[in-house]
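The primary structure of each chain is shown beneath.
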Amino acid sequence: MSELFSKHESEISLSPDPAPWHGNAAIPLAHDVPERLPLPTEVQPLKIIWSTAIVLTAMHLVGLLAFMPWFFAWLFTWSGLVLAILGHFVFGMLGVTIGYHRLLTHHGFTCPKWLGHSLAILGMCNLQDSPARWVAVHRMHHRHSDQQADPHSPLVSFLWGHVGWVVYRHKIFDRTIHYAPYVGDLLRDPFYLRLERNNGWLLVFLAHAAAITAAGAVVGYFSGGASEALRYAASWAVWAVAVRTVLVLHGTWSVNSLAHMFGYRNYATRDASTNNWLVALFTHGEGWHNNHHADPQAASHGHRWWELDMSWWVISLLEGLGLAKNVVRPKAWLSQVA
Ligand SMILES: [Zn+2]
Ligand SMILES: [Zn+2]
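Anyway, here's the lowdown on the structure attached to this text. Everything quoted here is computed from the prediction, not taken from an experiment.

## Here's the deal with the overall build of the chain
Counting its regular elements, the chain contains 15 helices and 0 strands. When the 338 residues of the chain are sorted by exposure, 44% land in the buried category.

This is the structure in structure tokens:
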């Protein structure tokens, strides 16, 4: 993997006379960032993965149910809403942002195996694929950012960068053997290898959804008998699973789309990555994406005092507790350039 990281770092181009910081003044795109891109060759000819498209559409429809007037009146519970917000942190931030992204993809810190596996399990509860496949896609994104081989550049189109790439077959991500070279470090661990077989990660997602729904039924039963059991089970399933899963999905997708289109740039990276405060707020710090492309391994994505990065606070806490070690900080020379 070190070869992947070092390749990317060597691609960072800094202008000889770096633009000084003037409020929101943006460093322009490098000359070799194209305005528009064709689809990656590996997805051509386009072939939809129906199972993925149907599951994602169904999850959106169930999530939307929560806001339909009749269903809202029947389904809404404060506990369901609180669990949705809490789940956004627990599953979204701990699972995807800290687990899948900063730990597994970029090795921004090391931690005990049980903790790494636990974060990966939380990550699987967001319907965002297995850890190995997610990491492979993201490492390929860093290797070919905003070039044709980038699996999800919004320079193809906003919709492609946001969600299109998820539902179309990609020849490399089709089979584990094809993307294994990107994730040799993960697949050496039997835990991650097993999850690739028979959609093991999907079973984790279904198990967590069933557990939340069952817990809702139990809480409802004790607060008002059988009819409340049904209402709470439905409420928690819709709010704490579907609504939250959809929100976390769009958060992650926004990093790929919005944070490669709108925002400002601290660094002259050879891609269109931007720092986008709205995405950063919604994804617990992932929206400082231009900083991240400039220094992919750093566990902290906020490089300026006001670039708040909640995930970094949690990693710092883990470090303070002795659970995170070898925490990678932004390179000193970057702060001088920014
Ligand atoms: Zn990116
Ligand atoms: Zn990354």
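After presenting the structure, the write-up continues.
## Describing helix 4 (residues 78–105)
The sharpest bend along helix 4 reaches about 40° and sits at Gly 99. In the segment just after helix 4, His 107 is the residue with positive phi, at about 55°.

## Details of the packing of helix 4 against helix 14 (residues 310–320)
Relative orientation of the contacting elements helix 4 and helix 14 amounts to 80°, with a least axis distance of 11 Å. Of the possible angle classes, the one that applies to helix 4 and helix 14 is roughly perpendicular. Only Met 310, Ser 311, Val 314 and Ile 315 of helix 14 make contact with helix 4, whose side of the interface consists of Met 93, Thr 97, Ile 98 and Arg 102. Residues of the contact of helix 4 with helix 14, tallied by class, amount to 5 nonpolar, 2 polar and 1 charged.

## Here's the deal with the nonpolar core
The biggest cluster of nonpolar side chains holds 56 residues, and the ones touching the most others in it are Val 135, Ala 136, Val 183, Trp 236, Ala 237, Val 238 and Trp 239. For this core, the secondary structure elements donating two or more residues are helix 4, helix 5 (113–124), helix 6 (131–143), helix 9 (184–187), helix 10 (190–196), helix 11 (200–256) and helix 14. In terms of residue count, helix 11 provides more of this core than any other element does, 17 residues in total. Residues in contact with Ala 136, not counting those within four places in the same chain, are Phe 173, Tyr 179, Tyr 182 and Val 183. Among the nonpolar cores identified, the runner-up in size contains 8 residues, and Leu 37, Val 156, Val 166 and Tyr 168 belong to it.

## Things to note about the environment of Gly 95
Relative to the elements of secondary structure, Gly 95 occurs in helix 4. Separated by 26 residues in the primary sequence, Gly 95 and Ile 121 place their C-alpha atoms 7.0 Å from one another.

## Focus: the packing of helix 2 (residues 50–65) against helix 11
The interhelical angle for the contact between helix 2 and helix 11, taken along N-to-C directions, is 125°, at an axis separation of 8 Å. The orientation of helix 2 relative to helix 11 falls into the category oblique. Considering only the axes of helix 2 and helix 11, their crossing is left-handed. Residue-level contacts link Met 59, His 60, Val 62, Gly 63 and Leu 65 of helix 2 to Val 238, Ala 242, Val 243, Thr 245 and Val 246 of helix 11.

Rules of the game
Positions within a chain are numbered from 1, following the residues in the order the chain's sequence is written. Chain letters start at A and ligand numbers start at 1, both assigned in the order the entries are written. A pLDDT threshold of at least 70 governs which residues receive local features in this predicted model, and a stricter bar of 80 or more applies before side-chain atom pairs are shown or counted, although totals over entire chains, interfaces and linings include all residues. For the purposes of this entry, the term helix denotes a DSSP run of H or I that reaches at least four residues, the term strand denotes a run of E that reaches at least two, and both are numbered from the N terminus. Using C-beta atoms placed from the backbone, we call a residue buried if 20 or more other C-beta atoms fall within 10 Å of its own, exposed if 12 or fewer do, and partly exposed for counts in between. What the bend at a residue measures is the angle between two axes, fitted to the seven residues ending there and to the seven starting there. Axis geometry follows a simple rule: fit a line to the C-alpha atoms, using only the stretch in contact for helices, then measure angles between N-to-C directions, giving values from 0 to 180 degrees. Roughly parallel here means an angle under 35 degrees, roughly antiparallel means over 145, roughly perpendicular means 65 to 115, and every remaining angle is called oblique. Remark: residues whose backbone-derived C-beta atoms lie within 7 Å of one another are considered to be in contact. When residue character is reported, Ala, Val, Leu, Ile, Met, Phe, Trp, Tyr, Cys and Pro are called nonpolar, Asp, Glu, Lys and Arg charged, and the others, Gly included, polar. By definition, a nonpolar core groups buried Ala, Val, Leu, Ile, Met, Phe, Trp, Tyr and Cys residues that connect through C-beta atoms lying within 7 Å of each other. Rotating anticlockwise by less than a right angle from the far helix to the near helix defines a left-handed crossing, while the corresponding clockwise rotation defines a right-handed one.

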